[in-house]
Amino acid sequence: MLLFPVESAFALMQFEEESLSRKIIHQLKYGQREKTGKILAHWVLERINLNGLKPDLLVTVPLHPKKLKERGYNQLHLFTETLSQNLKIPFDHTLIKRNFYKKAQAQKSKAERSTLENLFSITKNISGKHVLLIDDVFTTGNTMSAVAWQILKAGNNKVSVLVMATD
């Protein structure tokens, strides 16, 4: 269940055990296959219909700087930049900051997944915007809710969600 108003939500794939979609996203995140994000963005572009609700800004769920350094790239950046270029919508990879280094949601128990208080913060003033929030995998919705809440409480903003896969 999503805990915030969403104008629209779109998921590209199901993230099922032993599925091709799981393998693709794991390669994107952990296999040094950053260009896979560009391919996935083109798949989205072929399928997405904004129904006249074109967002003002594309925003990615951020990695903690330590995780970014470990991985070498944010798996969402090339994906988002490709969407931005084709949809003519600006992106901002720095609007949201991850405040703490934590293990991946997929590696946590259900109880651990629900503790995301103060995990994210907004880095600049934003108000009156329709933000398309982008992440790779939607599991419990807690991460998206935590990030969306920061955007919503920052001003008179709307949030829509785009994920590569749902689990």
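Everything below is about the structure printed above this text.
## Description of the nonpolar core
If you look at the biggest cluster of nonpolar residues, it comprises 38 residues, and the most contacted ones within it are Phe79, Leu83, Leu133 and Ile134. Not counting residues up to four positions away in its chain, the partners in contact with leucine 83 are Ala41, Val44, Leu45, Leu58, Lys88, Ile134 and Leu162.

## What about the environment of leucine 76?
Here leucine 76 is to be found in the loop between helix H3 (65–71) and helix H4 (77–87). With a relative accessible area of 1%, leucine 76 lands in the buried category. Sequence separation between leucine 76 and proline 62 is 14 residues; the distance between their C-alpha atoms is 8.5 Å. In this structure, leucine 76 is in contact with Thr60, Val61, Ile134, Asp135, Asp136 and Met164, ignoring residues within four places of it in sequence.

## Brief notes about the environment of lysine 158
Mapped onto the elements of the fold, lysine 158 is located in strand S7 (residues 158–166). For lysine 158 and proline 55, which are 103 residues apart along the polypeptide, the C-alpha to C-alpha distance reads 8.8 Å.

## Re unusual backbone geometry
The phi torsion at lysine 88 lies on the positive side, around 60°, for a residue other than glycine. Inspection of the secondary structure puts lysine 88 in the loop between H4 and strand S3 (91–92). According to the relative accessible area criterion, lysine 88 is exposed, its value standing at 64%.

## Thoughts on the side chain of asparagine 157
As for its position among the elements, asparagine 157 is in the loop between helix H6 (142–153) and S7. Judged by its relative accessible area of 8%, asparagine 157 is buried. Within the structure, the side chain of asparagine 157 is placed 3.0 Å from the backbone nitrogen of glycine 128, a separation counted as a polar contact. Not counting residues within four places of it along the chain, the set of residues in contact with asparagine 157 comprises Ile126, Ser127, Gly128, Lys129, Ile151 and Leu152.

## Description of the pattern of salt bridges
Scanning the model with the defined rule gives two salt bridges in all. A salt bridge links arginine 47 to glutamate 46; the shortest N-O distance between them is 3.4 Å. Among the residues examined, arginine 47 registers a relative accessible area of 48% and is labelled partly exposed. Across the salt bridge formed by lysine 124 and aspartate 92, the nearest N and O atoms sit 2.9 Å from each other. With lysine 124 in the loop between strand S5 (120–122) and strand S6 (130–138) and aspartate 92 in strand S3, the pair connects residues that are 32 residues apart, well separated along the chain. The exposure class assigned to lysine 124 is partly exposed, which follows from its relative accessible area of 37%. A relative accessible area of 14% places aspartate 92 in the buried class.

## Quick look at the environment of asparagine 118
Mapped onto the fold, asparagine 118 is located in the loop between helix H5 (110–113) and S5. Taking the relative accessible area as the measure of exposure, asparagine 118 reaches 52% and is therefore exposed. Distance in space between the C-alpha atoms of asparagine 118 and arginine 98 is 8.8 Å, their sequence separation being 20 residues. Discounting chain neighbours no more than four positions away, the residues touching asparagine 118 are Asn99 and Phe100.

Procedures and definitions
- Residues numbered from 1 in each chain as written.
- Predicted model: local features only at pLDDT ≥ 70, side-chain atom pairs only at ≥ 80, totals over all residues.
- Heavy atoms only, no water.
- Core = buried A, V, L, I, M, F, W, Y, C linked by side-chain atoms within 4.5 Å.
- Buried < 20%, exposed > 50% of the residue type's maximum accessible area, 1.4 Å probe, protein only.
- Contact = heavy atoms within 4.5 Å.
- Helix = DSSP H or I, 4+ residues; strand = E, 2+ residues; numbered from the N terminus.
- Polar contact = N/O pair within 3.5 Å; in protein donor to acceptor, adjacent residues only side chain to side chain.
- Salt bridge = Lys/Arg side-chain N within 4 Å of Asp/Glu carboxyl O.

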